[in-house]
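Structural features, examined
Residue-level listing of the chains:
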Amino acid sequence: MSAPVAVAGLRSVLDLFSIGIGPSSSHTVGPMRAAIAFARSLRGLPVTRLEIELLGSLGSTGVGHGTPDAVVAGLRGLDPGTCDPAEVHGVWATLGDGSPITLATGTVVWLRTTDVRLCPGVRLPGHPNALRMRAWPGDAQEPIERIYYSVGGGAIVEEGVAPAVRTVSVPHPYASAAELLELCADQRCDIAEIVRRNETAEHGAKALERGLAERWIAMRDCLIAGLAGHGTLPRGLGTPRRAGALADSLRADGVALDAPEWLQAYAIAVNEENAAGHRVVTAPTNGAAGIIPAVLHHHLTVSGERVGGGQHSAGRTVARDTAGIVRVFLLTAASIGQLMARNASISGADIGCQGEVGSAAAMAAAGYCAVLGGSPAVVENAAEIALEHHLGLTCDPVAGLVQIPCIERNAIAAGTAMAAARLALRGTGSHRVSLDVAIETVRQTGHDMSHRYKETSDGGLAVTVPYC
Ligand code: SF4
C-alpha cells in the first residue's frame, strides 16, 4: 500500500465529468456551488440580509449564462447535479422588490432582484470569475463577507482558503504527460489503467464503476433528448434548435450512421440541451460538453450491435462490452483533462475557448484513439494534434450566451478530435511537439490573450454579429 500523497493537483475523473445543469459550468454550476457553500457557512446565524456581487466575467455575461438564477438556487441549497433545472431558471427576475427565500440552512431571508448585482468592471486578481457575497446577521452593521472564484468546469475556490488538495493513497501520481507515459512503460499498461488504479484508490472500484456509468448515462440521455429538440433556444437570441431537424433529415435521406453528419448532430444535440439549461455533464466544461459524448456515442453506434430492433434511434445502440469501451474512453480522456486543468486551464474566462473546446477535443481524441487500440504514445500524439490546432481559439459568445459560436464549434471540434486520433494511429507515436509543450503553449497564449476574448463578450463575434 502506498503512502498518502497529494495527487499532484489533479482533479478526480468524477469531478471533471460532473453532472449538472446548463448553460455554463463556470457561470452557472460554479456560482451555484459557491452560493451553496456560502449559505452553509451561515448556519446558526440569524441572517436578515444578503448581497451578492458578480464580478468580472460573471458580471459581463452572467445574465446570458443564468448566473443570478444559479446564485439564488444555490442559496436555497439546490444542488446542480440533482435539482430540477426548471426550479432554477427565471427565479432571480421574479424576486422583484423582495421575496422570501429559504436558505440551505433553513433560515428565511427576503431577497430582492437588486441584491444580486452584476459588476463587469470589477476584476479581482484571483480569477476573472469572482463572486463577492455578504450577509448581515441580525442588526450587525458589518457584514460577513466571502469571495469565491469559479475556476472552470464547475470547480470553486474560496479566497483565503487553500484549494482542497486530493490527498489519497494513489499508486501512480503524475504531473505531466511525460510522467504519465513513463508510468505506462514502467507498469506495462495503458493510460486508462493508470488512471483507473489512482481513481480506485480514492473512490473504490465499485463507486468508480458506478460513477462512470452514471455519467455516461447522463451524457447519452442528454444527447438523445437533444436529438428530439425543435423550436428555439431560450434567452432572447432566437437561435433555432437544429439537432432534431438535422437528425430527421439524416434518417429521411438514409444517411449511414458512420457519416460525419451524425457526429455533428450528436454534438449539436448535447450543446443545445446545455444552452436550454437542461441536465448536462461537464466534459470538461458545459460549453464544450458535446464533443466527448458525440465522439463516444458515434463510436459505439458504428462499432456496436443494435439492440431493441428497428431503426437507429440514437439511443438503443450497444457495442459488445460497451461498459469497457466507455470506461477506457472516459478514463483516458480524463487524464488529458486533468493535465490541462493542472498545467494550463479549462476556463474560457481564463484562457479563451482553447481551454474549453481545445481541452475537450484533445480529451476526445485521446479517448477515441485509446478505444481504437492506440498505444499510450499514440494516444498522447492524438491529444497533442487536437490541442495544437485549437491554439489561440477565442471565447466570444454572442450576447453572452453559450449558443453562437459554441454549439456549432463543438460539432466541428468533434470531427477534429476523430481526425486527430486517426492521423495519430497511422504513426508510431513519435512526434516533434509533445503534449506537455502544447499545453504550456496554450497557457502562455491564454495569458497573452486580451481579456476581450475571454468570455467577456467585448470582442470577436460578440461585437461583430448584430443582435437586438
Ligand atoms: S466560446 Fe468556447 S469558451 Fe466561450 S462560452 Fe462558448 S464554448 Fe465556452
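Not measured: the values here are computed from a predicted model. Along each chain, the written sequence defines residue order, and numbers are assigned to residues from 1. Since the coordinates come from a predicted model, pLDDT governs what is reported: local features require at least 70, and pairs of side-chain atoms require 80 or more to be given and counted, while whole-chain, interface and lining totals use all residues. The basis for every side-chain value is the complete set of non-hydrogen atoms in the structure, without hydrogens or water.

Here is a general trend for soluble globular proteins: nonpolar side chains tend to be buried in one another's company. Think of a nonpolar core as a cluster: buried Ala, Val, Leu, Ile, Met, Phe, Trp, Tyr and Cys residues, connected wherever their side-chain atoms sit within 4.5 Å. A 1.4 Å probe rolled over the protein chains alone gives each residue an accessible area, and that area as a share of the maximum for its type sets the label: buried under 20%, exposed over 50%, partly exposed in between. Judged by nonpolar contacts, the single largest core of 95 residues is most densely connected at Phe 17, Ile 292, Val 295 and Leu 330. Helix numbers and strand numbers start at the N terminus; a helix is a DSSP run of H or I with at least 4 residues, a strand a run of E with at least 2. Per element, the largest residue contribution to this core is 11 residues, and it comes from helix H14 (residues 357–371). Only heavy atoms enter the contact rule, under which two residues are in contact if any of them lie within 4.5 Å. Residue contacts for Phe 17: discarding those within four places in its chain leaves Arg 215, Met 219, Val 281, Thr 282, Ala 283, Ile 292, Leu 330, Ala 333, Ala 334 and Met 363. Residues Phe 38, Ile 52, Leu 58 and Val 116 belong to the second largest nonpolar core, which totals 24 residues.

Taking 1.5 Å per residue, 23 residues should reach 33 Å; helix H8 (residues 205–227) reaches 33 Å between its end C-alpha atoms and fits that length. All of the buried residues along H8 are Leu 208, Gly 211, Leu 212, Arg 215, Trp 216, Ala 218, Met 219, Arg 220, Cys 222, Leu 223, Gly 226 and Leu 227. What a helix should span is 1.5 Å times the count of its residues minus one.

Take helix H2 (residues 25–41) next. Along its 17 residues, H2 runs 22 Å from first to last C-alpha, staying within 8% of the 24 Å computed at 1.5 Å per residue. In terms of burial, H2 is largely enclosed, as 13 of its 17 residues are buried. Between the side-chain oxygen at the start of H2 and the backbone nitrogen of Ser 26 there is a gap of 3.3 Å, and the oxygen is on Ser 24. For the purposes of these results, a polar contact is taken to be a pair of N or O atoms within 3.5 Å, where, inside protein, one atom must be able to donate a hydrogen and its partner to accept one; residues adjacent in sequence count only when each atom of the pair is a side-chain atom.

Every residue is assigned a pLDDT by the predictor, reflecting its confidence on a scale from 0 to 100. Of all residues in the protein chain, 93% attain a pLDDT of 70 or more, and the chain-wide mean is 92. Across residues 1–6, where pLDDT falls below 50, the model places 15 contacts with residues more than four positions away in sequence or in other chains. For the stretch residues 305–319, pLDDT sits under 50, and the model shows 35 contacts to residues farther than four places along the chain or on other chains.

On to the sheet that holds strand S3 (residues 47–56), then. At least two bridges found by DSSP between two strands is the condition for calling them paired. Spatial ordering of the open sheet is given by S6-S3-S7-S8-S9, a layout of five strands whose pairing is mixed. Of all the strands in the sheet, the pair left with one neighbour each is strand S6 (116–119) and strand S9 (155–158). On average, each strand axis in the sheet is tilted by 25 degrees relative to the strand beside it, whichever way the strands run. Pairing of S3 with S6 involves four bridges; the strand directions are parallel. What sits directly across from Glu 53, in S6, is Arg 117. Axes, fitted as lines to C-alpha atoms, cover a helix only where it is in contact. Angles between the N-to-C directions of the axes lie from 0 to 180 degrees.

A word on the side chain of Asn 410. Examined against the element boundaries, Asn 410 turns out to sit in helix H16 (residues 406–425). By relative accessible area, which is 0% here, Asn 410 ends up buried. Filtering out sequence-adjacent residues up to four positions away, Asn 410 remains in contact with Ala 267, Asn 271, Gly 287, Ala 288, Ala 289, Gly 290, Ile 291 and Val 357.

Turning to the site of the ligand, a few remarks are in order. Lining the immediate surroundings of the ligand are Gly 287, Gly 348, Cys 353, Glu 356, Cys 395, Asp 396, Cys 406, Arg 409 and Glu 455. When each cavity is represented as a set of grid points, the ligand is found to reside in the largest cavity. In terms of residue class, the shell around the ligand is built from three nonpolar, two polar and four charged. Think of it this way: one heavy atom of a residue within 4 Å of a molecule or strand is enough to make that residue near it. Definitions used for this entry: grid spacing 1 Å over protein atoms alone; cavity, a set of points where a 1.4 Å probe fits but cannot get out; pocket, an open set with protein on both sides within 12 Å along at least 5 of 7 lines; lining residue, one with an atom within 4 Å of a point. In this description, a molecule resides in a pocket or cavity if more than half of its atoms sit within 2 Å of the grid points defining it. The nonpolar class holds Ala, Val, Leu, Ile, Met, Phe, Trp, Tyr, Cys and Pro. Asp, Glu, Lys and Arg form the charged class, and all remaining residues, Gly among them, are polar.

All right, on to empty space enclosed by the protein then. Grid points are joined across faces, edges and corners, and a volume is the space filled by probe spheres set on the points. One pass over the full model with this rule turns up two cavities of 30 Å³ or more. Counted as a void, the largest cavity has a volume near 170 Å³. If you trace the largest cavity, you find 20 residues lining it, with Gly 287, Glu 356, Cys 395, Val 402 and Cys 406 closest to the centre. When residues of the lining of the largest cavity are traced back to their parent elements, those giving at least two are H2 and H16. A per-element tally of the lining of the largest cavity places H16 first, with three residues. When grouped by side-chain class, the residues that make up the lining of the largest cavity number eight nonpolar, eight polar and four charged. Segmentation of the chain into domains, including their bounds, is taken from an automatic or database domain assignment. Taken domain by domain, the makeup of the lining of the largest cavity includes at least three residues from each of domain 1 (25–158) and domain 2 (174–464).

Moving on: the domain arrangement of the protein chain. As assigned here, the protein chain comprises domain 1 (25–158) and domain 2 (174–464). Computed from C-alpha atoms alone, the centre-to-centre distance between domain 1 and domain 2 is 29 Å. Each partner contributes to the interface: domain 1 provides 24 residues, whereas domain 2 provides 20 residues. Buried area adds together the accessible area that both of two parts lose upon being put together, with accessible area traced by a 1.4 Å probe. Roughly 1600 Å² of surface becomes buried between domain 1 and domain 2 when both sides are summed, with 47% attributable to carbon and sulfur atoms. Criterion for a salt bridge: a side-chain nitrogen of Lys or Arg within 4 Å of a carboxyl oxygen of Asp or Glu. Here domain 1 is connected to domain 2 by zero salt bridges. There are nine residue pairs in polar contact (both at pLDDT 80 or more) connecting domain 1 and domain 2. Elements represented by at least two residues in the side of domain 1 that touches domain 2 include exactly H2, helix H3 (57–65) and strand S8 (144–152). At six residues, H3 tops the list of elements feeding residues into the side of domain 1 that touches domain 2.

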